[in-house]
Amino acid sequence: MSELINLVGLARDELAAEMAAIGEKPFRAKQLWHWIYNRGVTDFAAMTTLAGPLRERLAERYVVQRPRVAREQTSADGTRKWLLAFADGNEAETVYIPEDDRGAVCLSSQVGCTLTCKFCHTGTQLLVRNLTASEIVGQFMAARDSYGEWPSSDDGGRLLSNIVLMGMGEPLFNYDNVAKALKIIMDGEGIAVSKRRITLSTSGVVPMIRRCGEELAVNLAISLHAVTDELRDRLMPINRKYPLTELMRSLRAYPTNNARRITFEYVMLKDVNDSLADARELIRLIDGIPAKFNLIPFNKWPGAEFDCSDRKVIERFSDELFNAGYSAPIRQPRGTDILAACGQLKSDSQRIRASLARERLAAGIVDEDHLPVPQSR
Ligand code: SAH
Ligand code: SF4
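Residues numbered from 1 in each chain as written. Chains lettered and ligands numbered in written order. Predicted model: local features only at pLDDT ≥ 70, side-chain atom pairs only at ≥ 80, totals over all residues. Heavy atoms only, no water.

*Asks:* Describe the packing of helix H5 (residues 175-186) against helix H6 (residues 206-216), listing the residues and the values that go with them.
*Replies:* Packing of H5 against H6 brings their axes to within 12 Å, and their N-to-C directions diverge by 20 degrees. It follows that H5 is roughly parallel to H6 by the angle criterion. Where H5 crosses over H6, the two elements pack in a sense that is right-handed. Contact with H5, carried on its side by Tyr-175, Asp-176, Ala-179, Leu-182, Lys-183 and Met-186, involves Met-208, Arg-211, Cys-212, Glu-215 and Leu-216 of H6 and no other residues of that element. In terms of residue class, the contact of H5 with H6 is built from seven nonpolar, no polar and four charged. (Axes fitted to C-alpha atoms, helices over the stretch in contact; angles between N-to-C directions. Helix = DSSP H or I, 4+ residues; strand = E, 2+ residues; numbered from the N terminus. Parallel < 35°, antiparallel > 145°, perpendicular 65-115°, else oblique. Left-handed = near helix turned anticlockwise from the far one by under 90°. Contact = heavy atoms within 4.5 Å. Nonpolar A, V, L, I, M, F, W, Y, C, P; charged D, E, K, R; others polar.)

*Asks:* Quick rundown of the sheet that holds strand E10 (residues 198-202)? Include the residues and the values.
*Replies:* Hydrogen bonds between backbone atoms are what pair the strands of a sheet, whose relative direction is either parallel or antiparallel. Read from one edge to the other, the open sheet built from nine strands follows the order E3-E4-E5-E6-E9-E10-E11-E12-E13, with strand pairing classed as mixed. At either end of the open sheet lies a strand with only one pairing partner, and these are strand E3 (68-74) and strand E13 (291-297). When strand polarity is set aside, the average angle formed by the axes of neighbouring strands in this sheet is 20 degrees. Of the pairings in the sheet, the one linking strand E6 (residues 103-106) to strand E9 (residues 162-165) comprises three bridges and is parallel in character. (Pairing = 2+ DSSP bridges.)

*Asks:* A description of the pattern of salt bridges should follow, citing residues and the corresponding values.
*Replies:* Summed over all chains, the structure comprises 22 salt bridges. When the shortest N-O distance is used, the salt bridge between Glu-93 and Lys-81 registers 3.1 Å. Here Glu-93 is found in strand E5 (residues 91-98), whereas its partner Lys-81 is found in strand E4 (residues 80-85), with twelve residues between them in sequence. It is possible to trace a salt-bridge network through shared partners that takes in Arg-12, Lys-30, Asp-187 and Glu-189. (Salt bridge = Lys/Arg side-chain N within 4 Å of Asp/Glu carboxyl O.)

*Asks:* Please provide a residue-by-residue account of the packing of aromatic side chains, values included.
*Replies:* Under the defined criterion, the tally for this structure stands at seven aromatic pairs. Between Phe-264 and Phe-293, the aromatic rings sit 6.0 Å apart at their centres with planes inclined by 35 degrees, giving tilted as the arrangement. With Phe-264 in strand E12 (residues 262-268) and Phe-293 in strand E13, this pair connects stretches of sequence that are 29 residues apart. Neither residue differs from the other here; Phe-264 and Phe-293 are each classed as buried. Judged by centre distance (6.1 Å) and plane angle (85 degrees), the rings of Phe-298 and Phe-306 are edge-to-face. The two residues Phe-298 and Phe-306 agree in class, both being buried. Counting every residue linked through ring pairs, the aromatic cluster contains Trp-82, Tyr-96 and Tyr-147. (Phe/Tyr/Trp six-rings, centres within 6.5 Å; stacked < 30°, edge-to-face > 60°. Buried < 20%, exposed > 50% of the residue type's maximum accessible area, 1.4 Å probe, protein only.)

Written out as structure tokens, the structure is:
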């Protein structure tokens, strides 16, 4: 039997094309869309608005499949983390962070990350590949399976109400798949998570920021972490390609208003970026951009070369920003006991040797820009 096609991750027009290919009318695609994304059904036999023979024909050609849950862990604070395995054996992590009456699902966009930011555990993982739209949508569906949150209810009252693209990987290095996945997730007749409830976090891939604003208009978060090029070059290799002035210029052009501000994420590294002078320079740097801050206490991981700033120092930094008129909450670390917090994600099973990374470069699987910067480790 030829391989079955997974319908999860097909755009609406692709699903319609599949139906046309088997001689079905376009409205079948609409019905399927509802079963797959609104009801969360995986078994064609349960799709009762479709006639029996059609259900059988669909089952002969297609599947409705999420990534396999290889491991599920729940933290003492309720944070839940899944290690998800994809069809080729690669793995990535997805995290759910519950709040009182809602919560955010943190999705990964790549297996690993090519960017080797010095403070980030994900960046130490050499094997990297982009996740497909199916794998990105599938993460959210798997999380909802785990909480039995089907069918998609109205926007209010969901446990899994928000989405943050803050897991493994740099989403703007995988823009096409991320955009396709988000359009599926935002579709009002399916999963229907509004763009106002979605935040994409980027380390600052300047040329893609504009497209993200124009085509997706989701909330934007920038991993800033340093206020001089000198320090940011050292902490985040991408700054060598897109330095601070260019980054700020692209943010001034991003669609924002006072209700929709750009979030600047700032990881608090002891004696590295946490002085009052840094805070003041930060205020100067983002002047004119509707902004808010998210101060992230550094989360340690095995082998990390940094320490987290002292609580008092973080509070002083936060006060300085607050007094300049900005919201600057200190993010409460969540799920640290299961290594689910920011920057701690990594799929252990896929660590590979540097020589293999070079082979991948030679084979054209990744390009030079997307390889780890050798001198940084
Ligand atoms: N690649 C994207 C999205 C994923 S990272 C980006 O960099 O924005 C999500 C956030 O966690 C980023 O702000 C990242 O800089 C931060 N982070 C990485 N390592 C961290 C650590 N060890 N402790 C705290 N935050 C960390
Ligand atoms: Fe990649 Fe973001 Fe981690 Fe940097 S902080 S290595 S861009 S995941």
